[in-house]
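The lines below spell out each chain.
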Amino acid sequence: MNNRFEQLILQSETGRGTEWLSEAELLEFNEYLAERGYGVSRMEVKRAEGGTQPPNFGYGVLPQPFPGDDEHWMHHLDPARSAAYVRRQVQYAREDGALFDYKVWAEQP
């Protein structure tokens, strides 16, 4: 058991979410969550450097879908799919040259 990630799970289930995580820690925590049946229900980002998109809309995971995002709710209902979605969001930020710190809210569907 990873005590750090267990503490982050407890934080992620509160209204405050986790403390700010680096990209590397987020990616490890994301996999840990999925292995335990959790999905990321919301992910907030704070720009560390680079990028061209507004951070709150371009790189995060929002609770409500954007118009036309018919697949949005499926990410919340399947932990493996949620983990893949978070990895894609991080990759999107990397491709844009952005580096962020992340705050996560998670839940078990």
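Now for a description of the structure that goes with this document. (Residues numbered from 1 in each chain as written. Predicted model: local features only at pLDDT ≥ 70, side-chain atom pairs only at ≥ 80, totals over all residues. Heavy atoms only, no water.)

## A word on the packing of helix α1 (residues 3-12) against helix α2 (residues 23-35)
- Relative to each other, α1 and α2 sit at 80°, their axes nearing to 11 Å. Taken together, the axis directions place α1 and α2 in an arrangement best described as roughly perpendicular. Together, R4, F5, E6, L8 and I9 of α1 and E25, E28, F29, Y32 and L33 of α2 make up the contact between the two elements.
- The residue inventory of the contact of α1 with α2, partitioned by class, reads six nonpolar, no polar and four charged. (Axes fitted to C-alpha atoms, helices over the stretch in contact; angles between N-to-C directions. Helix = DSSP H or I, 4+ residues; strand = E, 2+ residues; numbered from the N terminus. Parallel < 35°, antiparallel > 145°, perpendicular 65-115°, else oblique. Contact = heavy atoms within 4.5 Å. Nonpolar A, V, L, I, M, F, W, Y, C, P; charged D, E, K, R; others polar.)

## Some details on the pattern of salt bridges
- Tallied over the full model, the rule gives seven salt bridges.
- Residue E25 pairs with R4 through a salt bridge whose shortest N-O separation is 2.8 Å. Taken together, the positions of E25 in helix α2 and R4 in helix α1 put the pair 21 residues apart, joining distant regions of the chain.
- R4 sits in the partly exposed class, given a relative accessible area of 33%. (Salt bridge = Lys/Arg side-chain N within 4 Å of Asp/Glu carboxyl O. Buried < 20%, exposed > 50% of the residue type's maximum accessible area, 1.4 Å probe, protein only.)

## Description of α2
- With 13 residues, α2 ought to run about 18 Å at 1.5 Å a step, and its terminal C-alpha atoms sit 19 Å apart, in line with that.
- Of all the positions in α2, only E23, E25, L26, F29, N30, Y32 and L33 are classed as buried. (Expected span 1.5 Å × (residues − 1).)

## Here's the deal with helix α5 (residues 79-95)
- Relative to the 24 Å expected for 17 residues at 1.5 Å per residue, α5 spans 24 Å between its end C-alpha atoms, a close match to the ideal helical length.
- Those residues of α5 that sit buried are P79, S82, A83, Y85, V86, Q89, V90 and A93. Along the axis of α5, the buried residues cluster in a sector spanning 160°; they form a single face. In α5, the exposed residues that point more than 90 degrees away from the buried face are A80 and E95.
- The residue sitting at the N-terminus of α5 and contributing the capping side-chain oxygen is D78; that oxygen lies 3.0 Å from the backbone nitrogen of A80.
- Residue G97 follows α5 closely and has a positive phi angle near 85°. (Arc of directions from axis to C-beta. Polar contact = N/O pair within 3.5 Å; in protein donor to acceptor, adjacent residues only side chain to side chain.)

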